[in-house]
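# Coordinate analysis (summary)
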Amino acid sequence: IVFQVLNTVQGVINCFFLFSFEPSVFAARIKALRISHNLTMDALAKEIHATKATIGNFENVNKKPSLDAILALADYFNVSVDYLLGRTDNPDVNQ
């Protein structure tokens, strides 16, 4: 039963994150961060255990990211999830 509850909670969280942000802001921020770190799409994909196509789809607003992808990108670039999602213009991670 604990597993079912965790799956339900994760599903609610995924829905919240996937539908409460502006995809074009997310796309622009991922691309800007990638370029500012001198990374190719392929190099970034390897860092977050994704594919080059996935990064391209994020940057071209063809695909909404999963919660796991958002967290991996925020951790890799050391920025807040809210910054990636366009909910703030402050990239600092609140400790």
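Calculation criteria
- Residues numbered from 1 in each chain as written.
- Predicted model: local features only at pLDDT ≥ 70, side-chain atom pairs only at ≥ 80, totals over all residues.
- Heavy atoms only, no water.
- Helix = DSSP H or I, 4+ residues; strand = E, 2+ residues; numbered from the N terminus.
- Buried < 20%, exposed > 50% of the residue type's maximum accessible area, 1.4 Å probe, protein only.
- Polar contact = N/O pair within 3.5 Å; in protein donor to acceptor, adjacent residues only side chain to side chain.
- Phe/Tyr/Trp six-rings, centres within 6.5 Å; stacked < 30°, edge-to-face > 60°.

## Examining the environment of Glu47
- Structurally, the position occupied by Glu47 is in helix H3 (residues 41–47).
- Judged by its relative accessible area of 45%, Glu47 falls in the partly exposed class.
- When the C-alpha positions of Glu47 and Tyr76 are compared, they lie 7.7 Å apart, and in sequence the two are 29 residues distant.

## Brief notes about the side chain of Ser80
- Within the secondary structure, Ser80 sits in the loop between helix H5 (67–77) and helix H6 (81–84).
- For Ser80, the side chain forms a polar contact with the main-chain nitrogen of Tyr83, separated by 2.9 Å.

## Overview of the packing of aromatic side chains
- For the coordinates displayed, the defined rule picks out two aromatic pairs.
- Geometrically, the ring pair formed by Phe26 and Phe58 is edge-to-face, given 5.8 Å between the ring centres and 75° between the ring planes. Pair noted here: Phe26 is in helix H2 (residues 23–36) and Phe58 is in helix H4 (residues 52–59), with a separation of 32 residues, a long-range link. Neither Phe26 nor Phe58 differs from the other in exposure class; each is buried.

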